[in-house]
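Each chain is listed here by its residues.
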Amino acid sequence: MSNELVPMKQPTYYEEVERKGYSRRDFLQFVSMMTAFIGLENSAMGQVAKALETQPRLPVIWLHFQECTCCSESFIRSSHPIVADILLDKISLDYTETLMAASGFQAEKCLQDTMTKYKGKYILCVEGSVPMGADGVYCMIGGKTSLQILEEAAENAQAIIAWGSCASNGCVQSAKPNPTKATPIHKLVKGKPVIKVPGCPPIGEVMAGVIVHLLTFGRIPELDKLGRPKAFYSKRVHDTCYRRPFYDAGLYVETFDDENARKGYCLYKVGCKGPSTYNACGVMKWNNGTSFPIQSGHPCIGCSEENYWDNGRLYERGSSFAGFGIEANADTVGKVALGVTAAALAGHAVMTNVRKKKLILGLEEEGKQSEHELKS
Amino acid sequence: MKTKFLHVHRLRRVYVWELPVRYYHWLNALAIIVLIITGFFIANPLAIQSHQEAANQFTMGWVRVAHFIASYIFFFNFLFRIYWGFVGNKYANWNQFIPTSKKFFREMWHVFKIDILMMRGKEHISIGHNAMAGFIYFFTFLAFLVQCLTGFGLYASMSTWWLPKLFAWVPFMFGGDSFIRTVHHWSMWFFILFAVIHVYLVFYHDYVEGRGEISSMGGGWKFIEEEVFQNEEHHTPNEPKNKA
């Protein structure tokens with residue numbers, strides 16, 4: 001049989017959980033955590049548990065293009081072991097370059113088999129951007145360009161998830177001048193919704209949450225106008241930041257080693273992009289909820305926002321346009337413009353008195369005459 | 001017996017700026033001043049040293065509140081002015097700002113020659129806005145629009161009211177809050193430069209024309225020479241359309 005690599009009858013998630021030796025209690029902990037993460041009510045726990053108990057696991061194809069695999073790394077460091085053990089191990093069994101055992105022709109066959117076997121049923125996860133420059137030679141796998149692989153895999157996918165900033169908005173490789181023409185996948189896949197899970201990397205729990213939502217409800221989670229799941233990307237890091245009271249109070253770190261930094265004041269003035277970044281870092285945090293950049297004293301760099309590498313400097317409040325020749329700061333340009341304007345006006349004032357002397361003297365004369373004629 | 005000065009002009013009072021226009025002007029000026037000062041503070045807050053707990057302070061909070069209140073005033077004032085451009089007197093009409101005829105451009109060129117290049121020629125006699133000023137105000141209206149779009153676009157995600165929510169598409173359209181914020185900051189400098197030039201030119205016109213340019217935004221009156229009035233020597237950027 002040619003299809004042994006991809007068994008037709010898929011076990012359910014719960015069966016896998018049991019097989020791996022987790023207890024019922026572990027499973028329910030995982031369920032309650034996921035229910036909370038995807039923003040459901042407590043009462044929906046039953047629904048999530050039932051879905052994981054009865055739904056056969058989703059066949060998943062996980063493609064890697066131009067990326068650094070930090071998304072996969074983040075995913076396997078998700079706070080609950082079941083996330084890595086079951087969701088990732090099991091969903092990515094079908095095809096994922098990084099973690100699968102197969103290689104070479106065997107791996108390619110596996111990909112082809114999954115696509116034919118589960119036509120219209122598999123989830124396509126894409127990590128990385130697609131280089132469009134030079135006919136796509138910058139990233140080729142098995143003799144095919146990224147674009148060919150993506151188009152082929154996307155055609156019969158049930159849903160498409162763009163993992164991380166690379167797949168969602170191009171990330172660092174698409175920074176100016178974007179030599180490989182790195183392109184986010186929503187610009188290449190036509191006629192299918194793409195769930196964007198931006199971040200460099202995205203939070204592991206967020207990634208797990210998106211998959212659990214797909215499983216539980218059989219449809220994609222509610223997305224915002226940019227295609228990001230609302231449950232995780234509708235609030236700014238700033239709004240959920242524990243240092244926010246310092247921001248409102250007007251207490252800021254001036255330099256990284258000053259007294260204010262030791263007191264844990266707001267990092268706004270050292271370039272924190274929290275006020276313009278939509279993500280769940282302040283709530284979910286990273287590495288089993290240990291911390292997040294701001295908590296460890298570093299400003300948010302806005303990694304889940306489009307163009308974050310081109311939106312000014314990391315350690316300054318952005319007011320400069322990159323690619324403005326030199327990076328011009330609004331206030332510097334403004335002050336120079338103000339100086340030039342003042343000088344021009346002063347010149348104009350002098351010229352007025354020279355060129356319009358007759359006119360001005362006439363008015364003065366007229367006014368003085370009237371003053372003389374007045375008796376008191 | 002004193003001889004009367006021969007060239008003393010009889011000045012005729014013209015009601016140019018109606019009360020709503022004057023209210024608009026000063027409310028706008030006040031809102032812009034508050035917005036610029038608080039805007040600078042928000043972009044780069046002062047270093048405040050304090051031994052008080054953060055919970056007892058709200059410095060940035062108050063500055064932002066002031067910015068938001070001023071922005072609402074600015075926004076509704078702007079909407080009102082657009083409305084008044086359709087119902088106000090001929091000097092407040094929208095056609096004083098938007099060139100719809102060749103005459104408008106001819107006038108602009110004339111003002112440019114006389115007032116900016118200081119060339120010799122017939123002095124330009126405007127009662128309301130001169131064509132050049134009107135056209136530049138058109139750009140200020142565009143700047144108002146940019147500031148409203150970017151400002152409320154940034155504010156939308158913090159607000160629960162439907163009005164700012166209407167602007168939620170702006171950051172989505174232009175690739176995120178960060179870029180919108182930068183545009184908002186750069187555009188502010190237009191207002192500063194505009195204000196400096198505007199105030200200078202008001203003094204300039206008052207000084208060389210003697211028609212009450214400065215005080216016109218107080219009482220609403222300008223004064224033109226009787227001959228100018230009789231001979232219809234004055235200029236307007238666009239002839240007012242006859243209302244049916």
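Fair warning: this is a prediction, and the values are worked out from it, not measured in the lab.

What follows concerns the nonpolar core. All names here are of chain A. Counting 89 residues, the largest nonpolar core has Ile 123, Leu 124, Val 126, Ile 160, Ile 161 and Ala 162 as the members making the most contacts within it. Of all the elements, helix α9 (residues 204-217) adds the most residues to this core, at eight residues. Counting only domains with at least three residues in this core, you end up with domain 1 (13-233) and domain 2 (249-317). Not counting residues within four places of it along the chain, the set of residues in contact with Val 126 comprises Leu 63, Phe 65, Leu 150, Ile 160, Ala 162, Trp 163, Ala 167 and Ile 185.

A separate point is the interface of chain A and chain B. Contacts between chain A and chain B engage 43 residues on the former and 42 residues on the latter. At the level of elements, α11 (244-249), α14 (330-355) and α15 (357-373) of chain A are the ones that each hand at least two residues to the side of chain A that touches chain B. Sorting elements by how many residues they give to the side of chain A that touches chain B places α14 of chain A first, with ten residues. Tallied by class, the residues present in the side of chain A that touches chain B amount to 17 nonpolar, 13 polar and 13 charged.

A word on the packing of α14 of chain A against helix α7 (residues 177-209) of chain B. Two elements in contact, α14 of chain A and α7 of chain B, have axes whose closest approach is 9 Å; the angle formed by their N-to-C orientations is 10°. With respect to α7 of chain B, the axis of α14 of chain A lies roughly parallel. Residues Ala 330, Gly 334, Ala 337, Leu 338, Thr 341, Ala 342, Leu 345 and Thr 352 of chain A of α14 of chain A pack against His 185, Trp 186, Trp 189, Ile 192, Leu 193, Val 196, Ile 197, Tyr 200, Tyr 204 and Val 208 of chain B of α7 of chain B. For the contact of α14 of chain A with α7 of chain B, a count of residues per class yields 14 nonpolar, four polar and no charged.

Attention shifts here to the pairing of strand β1 (residues 60-64) of chain A. Residue and element names in this part refer to chain A. Buried residues dominate β1, accounting for five of its five residues. Judged by which residues are buried, β1 turns out to be covered on both faces: Val 60, Trp 62 and His 64 on one side and Ile 61 and Leu 63 on the other are all buried. Taken together, the five bridges between β1 and strand β3 (residues 123-127) define a ladder with parallel strand orientation. Across the sheet, residue His 64 finds its bridge partner in β3, namely Glu 127.

Another point: the confidence of the model for chain A. The share of residues in chain A with pLDDT of 70 or more is 90%, and the mean pLDDT across the chain is 83. Taken as a whole, residues 1-5 of chain A scores under 50 in pLDDT and shows four contacts with residues more than four places along the chain or in a different chain.

For an interface, size is often stated in terms of accessible area lost upon the parts coming together. Residue and element names in this part refer to chain A. One can read the domain layout of chain A as domain 1 (13-233), domain 2 (249-317) and domain 3 (329-373). Taking only C-alpha atoms into account, the centre of domain 1 sits 27 Å from that of domain 2. Every contact between the two is made by 15 residues of domain 1 and, on the other side, 14 residues of domain 2. Broken down by secondary-structure element, the contributors of at least two residues to the side of domain 1 that touches domain 2 are α8 (164-169), α9 and α10 (230-233).

This part takes up the packing of helix α3 (residues 45-54) of chain A against α9 of chain A. Residue and element names in this part refer to chain A. Close contact between α3 and α9 brings their axes to 8 Å; oriented N to C, the two are set at 85°. With respect to their mutual orientation, α3 and α9 come out roughly perpendicular. Taking contact as the criterion, the partners of Gln 47, Val 48, Ala 51 and Leu 52 in α3 are, on α9, Val 212, Leu 215 and Thr 216. Split into classes, the residues belonging to the contact of α3 with α9 amount to five nonpolar, two polar and no charged.

Next up on the list: α7 of chain B. For α7 of chain B, spanning 33 residues, the distance from its first C-alpha to its last is 47 Å, which sits close to the expected 48 Å at 1.5 Å a residue. Just downstream of α7 of chain B, Gly 210 of chain B is the residue with a positive phi angle, here 60°.

Further remarks concern the environment of Lys 196 of chain A. Residue and element names in this part refer to chain A. Looking at the secondary structure, you find Lys 196 in strand β9 (residues 194-197). A C-alpha to C-alpha distance of 19 Å links Lys 196 and Asn 156, two positions 40 residues apart in sequence. Dropping the residues within four chain positions of it, Lys 196 is found in contact with Ala 162, Ser 168, His 186, Leu 226, Gly 227 and Arg 228.

Analysis parameters
- Residues numbered from 1 in each chain as written.
- Chains lettered and ligands numbered in written order.
- Predicted model: local features only at pLDDT ≥ 70, side-chain atom pairs only at ≥ 80, totals over all residues.
- Core = buried A, V, L, I, M, F, W, Y, C linked by C-beta atoms within 7 Å.
- Buried ≥ 20, exposed ≤ 12 C-beta atoms within 10 Å, placed from the backbone.
- Helix = DSSP H or I, 4+ residues; strand = E, 2+ residues; numbered from the N terminus.
- Domains from an automatic or database assignment.
- Contact = placed C-beta atoms within 7 Å.
- Nonpolar A, V, L, I, M, F, W, Y, C, P; charged D, E, K, R; others polar.
- Axes fitted to C-alpha atoms, helices over the stretch in contact; angles between N-to-C directions.
- Parallel < 35°, antiparallel > 145°, perpendicular 65-115°, else oblique.
- Pairing = 2+ DSSP bridges.
- pLDDT = per-residue confidence, 0-100.
- Expected span 1.5 Å × (residues − 1).

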